[in-house]
Amino acid sequence: MEVARKANPIIDSPIQVRKASKLKKILSNYQLYLFLLPALVYFIVFHYVPMYGILIAFKDFVATKGIMGSPWVGFKHFERFFDSYQFWILIKNTLGLSVIQLIVGFPLPIFLALMMNQIRSDKYKRFVQTVVYAPHFISVVVLAGMIYVFFSNNGLINNLILIFGGDPISFMAKPDWFKPLYIASGVWQETGWAAIIYLAALAGVSPELHEAAVMDGANKWQRIFHVDIPAIMPTAVILLILNVGNIMNIGFEKAYLLQTPMNQPAAEIIPTYVYKMGLQQAQYSFAAAVGLFNSVINLVLLVLVNKFAKKLSGTGLW
Amino acid sequence: MSILALKNKRMTRKSKEDKVFDIINFFLVAIILLLVVYPLYFIIIASISDPNMIYEGKVWLLPKELTLEGYQRIFGDSKIWLGYKNSIIYTVVGTIVNVSFTLMAAYALSRKDLYGRNVIMFLFLMTMFFSGGLIPTYLVVKNLGLLNTMWALILPKAVAVWNVIVAKTFFESSIPGELLEAARIDGCSDAKFFWKIVLPLSKPIVAVMVLFYAVGHWNSYFDALIYLNNENLYPLQLILRNILIQNQASTMMISDLDSLAAKQRVSELIKYGVIIVASIPLLIVYPFVQKYFVKGVMIGGIKG
């Protein structure tokens, strides 16, 4: 195509040539476009059509009239949500859960990776890796089930408490225990898996850096601080941005499973509320409005954090 | 890494602080190991212990008064088998759809001569940061008439953007451009090139994709919860949820017991058992395929 453009500069106007070569390019690759087709259709149908469907948040959606036929109501559903007594409770629960999860859950994989990286024996290291990654593959239902059996009134934990002379606690009935259980189980399940990416970054550290540090008399502790940690910083920043950007996208499936009638005051978060309002009570428009509120906050957070991180460290998502 | 390890070993004069460091590190890691393993281990021993022993807190390190009653009741329940069958079907069909859609799209996007690839990639990536949300997606699935069919569990999750990125990165870095040029000179079409040359060279990434998607299908319950209300279509995870969390389905399994206390205890036993039963396929495969999962994360991470 380059050749064609150079060969006939006088006969064809440049625009025509560019158009023709574009078309040629597309035609010659038509099989690749066919490859893309299923995924493209998927993203349009299951992601972009629902984005259009968000319009129902500004309407009183009636299924028989369809999205277009339903009457506009402006911000009615948003106002109802902001005015409801649950609004601040939901915000507090959702943010509380995700912020604590971030503060607790974010640094732990870094520590674990640094520790695993210092293991001398390769066999022990491999064994540790196999074990700590494993919980990641446990389904959320099984994880919640484990929490129920361990923290039931006659479960393992209460038996332990009895041995140490304490009084049994009905964990699943106390709102105060919802957050700790949610977060601790998340740490147990995901810390090992999240450490992989840091381990990969650590494996990429040039051995010469460590050798030079040893020559200069640095001990292991100093090498961790001055070689290892700087090496994983860029990775950590990116992951932090992603995590903060997803702060309102809290793992809703687990929260829903861990809800009991008694811990509801602490366990109701925006996504579970959307599910109950929308799908259990069929208030589609209202639930869509609440969901949209959630996604917009999320997007704004992501953009802000990305900007902030770029200014601070020069690394960002885009 | 290995060079470093070798050099470390050769350097015999290790400082005292470093030795202390190694010892402390060893034990800290061992404690972490215990914290991870013990809950899993306890589920196993509890599932074969007499329920009264668990109830009284006498099971700690070894199973007490071995019994297989829990497993007998679990395997005697037709719902569990049905759930197993459904989960296997959804996992196999779903994974085939996932992997083929993902790899084809990822390969096309990895080709630098594809006009418009940046626009399409942007369209895909956008969905990671903003989505229509639960309700509009549900309405789409409903309007397509997918409710109460297995396609409701498969099509709305057909492609994961992240996996497209991982596969695309892999293709870009491991399929040399010269190969394509050579194939073109021989008159090979894109489809043929993909099928005959790219795929055979990409076995690791195919394995990664299959594993990621298959585990996702096997473990998911939420789509089934919202899109299915016909019990005969329930996947295993949904049946598990009813047993573990809602104490529901197990009433069928323990209908022959008289006293409430006995019922309660056996239903606890059944809970331990179903956790094992549901996790067994993964537990068996996991040690062998772990390296592929790790590989997948790393390929994604380099890009990320």
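The rules we used
- Residues numbered from 1 in each chain as written.
- Chains lettered and ligands numbered in written order.
- Predicted model: local features only at pLDDT ≥ 70, side-chain atom pairs only at ≥ 80, totals over all residues.
- Helix = DSSP H or I, 4+ residues; strand = E, 2+ residues; numbered from the N terminus.
- Rg over C-alpha atoms; globule rule 2.2 N^0.38 Å.
- Buried ≥ 20, exposed ≤ 12 C-beta atoms within 10 Å, placed from the backbone.
- Contact = placed C-beta atoms within 7 Å.
- pLDDT = per-residue confidence, 0-100.
- Domains from an automatic or database assignment.
- Nonpolar A, V, L, I, M, F, W, Y, C, P; charged D, E, K, R; others polar.
- Axes fitted to C-alpha atoms, helices over the stretch in contact; angles between N-to-C directions.
- Left-handed = near helix turned anticlockwise from the far one by under 90°.
- Core = buried A, V, L, I, M, F, W, Y, C linked by C-beta atoms within 7 Å.
- Expected span 1.5 Å × (residues − 1).
- Parallel < 35°, antiparallel > 145°, perpendicular 65-115°, else oblique.

Caption draft 1: Expanded view of the overall build of chain A. Counting its secondary structure elements, chain A contains 17 helices and zero strands. For 318 residues, the compact-globule estimate of 2.2 N^0.38 gives 20 Å, and the C-alpha radius of gyration of chain A, at 27 Å, exceeds that figure by more than 25%. Reported as C-alpha extents along the three principal axes, the dimensions of chain A are approximately 95 × 75 × 35 Å. Within chain A, the fraction of its 318 residues that count as buried is 35%.

Caption draft 2: Expanded view of the overall build of chain B. Helix and strand counts for chain B stand at 16 helices and zero strands. Here the C-alpha atoms of chain B give a radius of gyration of 25 Å, more than 25% beyond the 19 Å that 2.2 N^0.38 yields for 304 residues. For chain B, the C-alpha atoms occupy an extent of roughly 80 × 70 × 35 Å along the three principal directions. Across the 304 residues of chain B, 39% fall into the buried class. Long-range contacts, defined as pairs at least 24 residues apart, comprise 72% of the intrachain contacts of chain B with a sequence gap of at least 6.

Caption draft 3: Molecular detail of the confidence of the model for chain A. In this model, chain A carries a mean pLDDT of 88, and residues with pLDDT of at least 70 account for 93%. Across residues 1-11 of chain A the pLDDT falls below 50, and counting only partners more than four positions away or on other chains, this stretch makes six contacts in the model.

Caption draft 4: Quick look at the domain arrangement of chain A. Residues and elements named next belong to chain A. Each assigned domain of chain A is listed here: domain 1 (2-69) and domain 2 (76-313). Inter-centroid distance (C-alpha atoms) of domain 1 to domain 2 is 38 Å. Across the contact, six residues belong to domain 1 and six residues belong to domain 2. Its residues assigned to classes, the side of domain 1 that touches domain 2 shows four nonpolar, no polar and two charged.

Caption draft 5: Region of the structure containing the confidence of the model for chain B. Residue and element names in this part refer to chain B. Across chain B, pLDDT averages 87, with 91% of residues at or above 70. Highest mean pLDDT in chain B belongs to helix α8 (residues 151-154) (96); lowest belongs to helix α1 (residues 2-10) (52). At the level of chain-chain contacts, confidence expressed as ipTM amounts to 0.89, with global pTM at 0.88.

Caption draft 6: Quick look at the packing of helix α16 (residues 270-280) of chain A against helix α7 (residues 134-143) of chain B. Where α16 of chain A contacts α7 of chain B, the axes come no closer than 10 Å and their chain directions differ by 35°. Where α16 of chain A crosses over α7 of chain B, the handedness of that crossing is right-handed. Between α16 of chain A and α7 of chain B, the contacting residues are Val274, Tyr275, Gly278 and Leu279 of chain A on the first element and Leu134, Ile135 and Tyr138 of chain B on the second. Split into classes, the residues belonging to the contact of α16 of chain A with α7 of chain B amount to six nonpolar, one polar and no charged.

Caption draft 7: Examining the interface of chain B and chain A more closely. At the junction of the two partners, chain B supplies 77 residues and chain A supplies 77 residues. Taken together, the residues of the side of chain B that touches chain A sort by class into 52 nonpolar, 15 polar and ten charged.

Caption draft 8: A look at unusual backbone geometry. Look at Glu65 of chain B: it is not a glycine, yet its phi comes out positive at around 50°. In this fold, Glu65 of chain B is placed in the loop between α3 (51-55) and α4 (69-75).

Caption draft 9: Quick peek at the environment of Gln129 of chain A. Residue and element names in this part refer to chain A. If you trace the backbone, Gln129 turns up in helix α8 (residues 122-133). Note on Gln129: 19 C-beta atoms within 10 Å, which makes it partly exposed. Sequence separation of Gln129 and Val140 is eleven residues, and the distance between their C-alpha atoms is 21 Å.

Caption draft 10: The arrangement of the nonpolar core in detail. Ranked by internal contacts, the top residues of the largest apolar core, which has 147 residues, are Ala144 and Val290 of chain A together with Ala105 of chain B. If near-sequence neighbours (up to four positions away) are discounted, Ala105 of chain B is found in contact with Phe35, Leu36 and Ala39 of chain A together with Val159 and Val164 of chain B.

Caption draft 11: Looking closely at helix α9 (residues 161-174) of chain B. Between the first and last C-alpha of α9 of chain B there are 20 Å, a value that for 14 residues agrees with the 20 Å anticipated at 1.5 Å per step. Among the residues of α9 of chain B, those classed as buried are Val161, Asn163, Val164, Ile165, Val166, Ala167, Lys168, Phe170 and Phe171 of chain B.

Caption draft 12: Examining the packing of helix α11 (residues 175-203) of chain A against helix α13 (residues 220-245) of chain A more closely. Residue and element names in this part refer to chain A. Viewed as axis vectors pointing N to C, α11 and α13 meet at an angle of 125°, and their least axial separation amounts to 9 Å. Compared by their axis directions, α11 and α13 come out oblique. Considering the relative orientation of α11 and α13, their crossing is right-handed. Touching Ile197, Tyr198, Ala201 and Leu202 of α11 are Asp228, Ala231, Ile232 and Thr235, all from α13. Grouping the amino acids of the contact of α11 with α13 by side-chain chemistry returns six nonpolar, one polar and one charged.

Caption draft 13: Here's a closer look at the environment of Ile229 of chain A. Summarising the element assignment, Ile229 of chain A is placed in helix α13. For Ile229 of chain A and Tyr198 of chain A, which are 31 residues apart along the polypeptide, the C-alpha to C-alpha distance reads 9.8 Å.

Caption draft 14: Layout of the environment of Ala207 of chain B. Examined against the element boundaries, Ala207 of chain B turns out to sit in helix α12 (residues 203-219). Note: C-alpha distance between Ala207 of chain B and Lys295 of chain B (88 residues apart in sequence) is 10.0 Å.

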